[in-house]
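# Survey of secondary and tertiary structure
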Amino acid sequence: MSEPLRAPRSGTAPPTGRGRSTSSADPLVSIEDLRVRFSTSRGTLHAVDGVSLQIPDGQTVGLVGETGSGKSVTARSLLRLVPRPPGRFAGGRILFRPKQRCPRCAGDGCADCDGQGRIPISCRSCDGAGCPVCDGSGREVIDLLTIPDRRMREIRGNRIAMIFQDPGKALNPGLPIRRQLAEVFAYHRAEEILRDAGVARESTAFSARLLRRAAGMRSRTWERALLDLPPLRAHARRLDAVLDERIAGVLSDTRISNPAHIMQSYPHELSGGMKQRVMIAQALACDPDLMIADEPTTALDVTIQARILELIQELQQRHRMSVLYVSHDLSLVRRICHGVAVMYGGRVVELGPADDVFAEPMHPYTRGLLAAVPTRGHRRGGLQAIEGNVPEFIDPSPSCRFESRCPHATRVCRERDPELKTKDARGRHHVACFLYDEPAELGVASEAMPNGEVR
């Protein structure tokens, strides 16, 4: 199994060599030095400024921090959903290594896929032997920031899916649930629907073209009229039956008890929890490798939150997919995540396995966030707060992003920018803070360094 979470090593690549096989040990996603800028009337906003982290296969990674820390922009960058303009990708790479269902076990898990149900796709350039295109891994590697828009549309909603924060806004109020889920299948699974319906073998060239357009929901008005007439009507009904079966299946996966009724409903007829389940069903429709959950329980009450979290965990294990869970709620992240990245000011300030980060937080910001989480031992009114607010980093100077709010800040924090470094013997816990650096390493006097005392 992959390490729960680690930062990519800059300037290094896996060894190359003829005959190297694709490996599931390679992370599903590698974010390397990602930089996202927004042009404003006051200058350039550094929303994401050098973020690097990895999302291993089949694991859940939490991205936490206050509002304005860059979590959602980082997550949306994986799908290129950052509005351009005013946004732009100023640097870095997002390397995605897609997977496919194991042909031997059809996703159930066997010796060929190490019980995962999915196997890596071999690099198209070297057929798995290892080459510069795949960094020697033998596995197909896609830079999500540079591929053409058409290729991105094939990945979006298919190999990488997203659950948005507010399902009431994400769902179209003017379309029934069936139509909204059908669009996902129509765009990414039209050929499979035609095959399962068995209509292509029985059709003439003209009718096959009409049915193919119908499966892709691209029929014109006169084409829909022809599909209502014999003999095409029977074929069209079989297409609809297969589509209904698929839609009902993904709705049932989210524990919706009456899929046939929900399919005909409009979003305003559903409760908040039910709409969120529909959003999860839409994300799972094409069995993605990665699901991005952007604060999926924020708009729900506490009891529904727990059910949705259990559902996401259950589906993640059943479908053997990876999850990037974006949240400001550390207690939720602690419950469901294998690894956690703490963000502040567009940067990752602490990174590591969730157990390590929560048991021994190292960055002052992480400690402040945890101190603000209520527990049974807190007396009334005794919660701590981090002084100040997250500033807007417009054309920031080279300094620690947290310096203005940190109780340990000294001169070096105001003059230099700390790097994300490994701070434990196992090489899994990383932190960007001068508290753990030696003066000799930075070439400064010891009195200029923070020493852990509150100033």
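Read on for a plain summary of the structure. Everything numeric in this text was worked out from a predicted model, so none of it was measured. (Residues numbered from 1 in each chain as written. Predicted model: local features only at pLDDT ≥ 70, side-chain atom pairs only at ≥ 80, totals over all residues. Heavy atoms only, no water.)

### Side note on the sheet that holds strand 1 (residues 29-40)
We count it as follows: For two strands to pair, DSSP has to find at least two bridges joining them. Think of it this way: any DSSP run of H or I at least four residues long counts as a helix, any run of E at least two long counts as a strand, and we number them from the N terminus.
Taken in spatial order, the four strands make up an open sheet running 2-1-4-7, and their pairing is antiparallel. Each edge of the sheet is formed by a strand with only one pairing partner; in this case those strands are strand 2 (43-55) and strand 7 (142-143). Sheet topology note: the strand 1/strand 2 ladder contains ten bridges and is antiparallel. Residue Arg37 lies in a different strand from strand 2, and its bridge partner there is His46.

### Side note on empty space enclosed by the protein
For the record, the criterion: Every definition here rests on a 1 Å grid over the protein atoms only: cavities are sets of points where a 1.4 Å probe fits but cannot get out, pockets are open sets enclosed by protein on both sides within 12 Å along at least five of seven lines, and lining residues have some atom within 4 Å of a point. Grid points are joined across faces, edges and corners, and a volume is the space filled by probe spheres set on the points. Here the term charged refers only to Asp, Glu, Lys and Arg, the term nonpolar to Ala, Val, Leu, Ile, Met, Phe, Trp, Tyr, Cys and Pro, and the term polar to all other amino acids, Gly among them.
In this structure the tally under the stated criterion is two cavities of 30 Å³ or more. As for the largest cavity, its lining consists of 15 residues, of which Cys400, Cys406, Cys413, Cys433 and Phe434 are closest to the centre. A per-class count over the lining of the largest cavity returns twelve nonpolar, two polar and one charged. There is about 60 Å³ of room inside the second largest cavity. Lining the second largest cavity, in full, are Leu28, Asp57, Gly58, Lys99, Gln116, Arg118, Asp289, Arg320, Met321 and Ser322. Partitioning the lining of the second largest cavity into residue classes produces two nonpolar, three polar and five charged.

### Overview of the pairing of strand 12 (residues 347-353)
For clarity, the cut-off: Note on classification: 1.4 Å probe, protein chains only; a residue is buried when its accessible area is under 20% of the maximum for its type, exposed when over 50%, partly exposed between these limits.
Counting buried residues along strand 12, seven of its seven residues qualify, which places the element largely inside the surrounding structure. Sheet analysis places strand 11 (residues 339-344) next to strand 12, joined by six bridges and oriented antiparallel. When the sheet's bridge partners are listed, Tyr344 is paired in strand 12 with Arg347. Here strand 11 hands over to strand 12 after two residues, with Gly345 in that stretch at a positive phi of 60°. Pairing analysis gives two bridges linking strand 12 to strand 14 (residues 430-431), with the strands arranged antiparallel. Pairing of Glu350 across the sheet is with Val431, part of strand 14.

### Describing helix 14 (residues 364-371)
Definition in use: Contacts are residue-level and defined by heavy atoms, with any inter-residue pair within 4.5 Å sufficient.
Burial analysis of helix 14 places six of its eight residues in the buried class, which makes it a mostly covered element. Three or more residues of helix 14 are buried, namely Pro364, Tyr365, Thr366, Gly368, Leu369 and Ala371. Turning to helix 14, the residues buried within the fold contact helix 12 (330-336), strand 11, strand 12 and helix 13 (354-359).

### With respect to the packing of aromatic side chains
Going by this rule: Any two of the Phe, Tyr and Trp rings considered here, Trp counted by its six-membered ring, make a pair once their centres fall within 6.5 Å; the pair's planes then place it as stacked at under 30 degrees, edge-to-face at over 60, or tilted in between.
Applying the stated criterion across every chain yields a total of four aromatic pairs. Their ring planes at 75° and their centres at 6.4 Å tell us that Tyr344 and Phe393 sit as a pair that is edge-to-face. Within this pair, whereas Tyr344 is found in strand 11, its partner Phe393 is found in the loop between helix 14 and helix 15 (411-415), the two being separated by 49 residues in sequence. Taken individually, Tyr344 and Phe393 each receive the classification buried, so the pair is uniform in this respect. Their ring planes at 85° and their centres at 5.1 Å tell us that Tyr344 and Phe402 sit as a pair that is edge-to-face. Within this pair, whereas Tyr344 is found in strand 11, its partner Phe402 is found in the loop between helix 14 and helix 15, the two being separated by 58 residues in sequence. In this structure Tyr344 comes out as buried when scored by relative accessible area, which is 0%. Exposure remark for Phe402: the relative accessible area of 3% places this residue in the buried category. Here the aromatic cluster, defined as three or more aromatic residues joined through ring pairs, consists of Tyr344, Tyr365, Phe393 and Phe402.

### A few points about the sheet that holds strand 14
Quick note on the threshold: Only the stretch in contact is used when a helix axis is fitted, and all axes are lines through C-alpha atoms; the angle between N-to-C directions ranges over 0 to 180 degrees.
With respect to topology, eight strands assemble into an open sheet ordered 8-9-10-3-11-12-14-13, the strand pairing being mixed. In this open sheet, the two edge strands, each paired with only one partner strand, are strand 8 (160-163) and strand 13 (421-422). Both strand 13 and strand 14 contribute to a ladder of two bridges, which runs antiparallel. Of the residues in strand 14, the one forming a bridge with Lys421 is Val431. Docked against the sheet, helix 14 engages strand 11 and strand 12, running at close to 105° with respect to strand 11.

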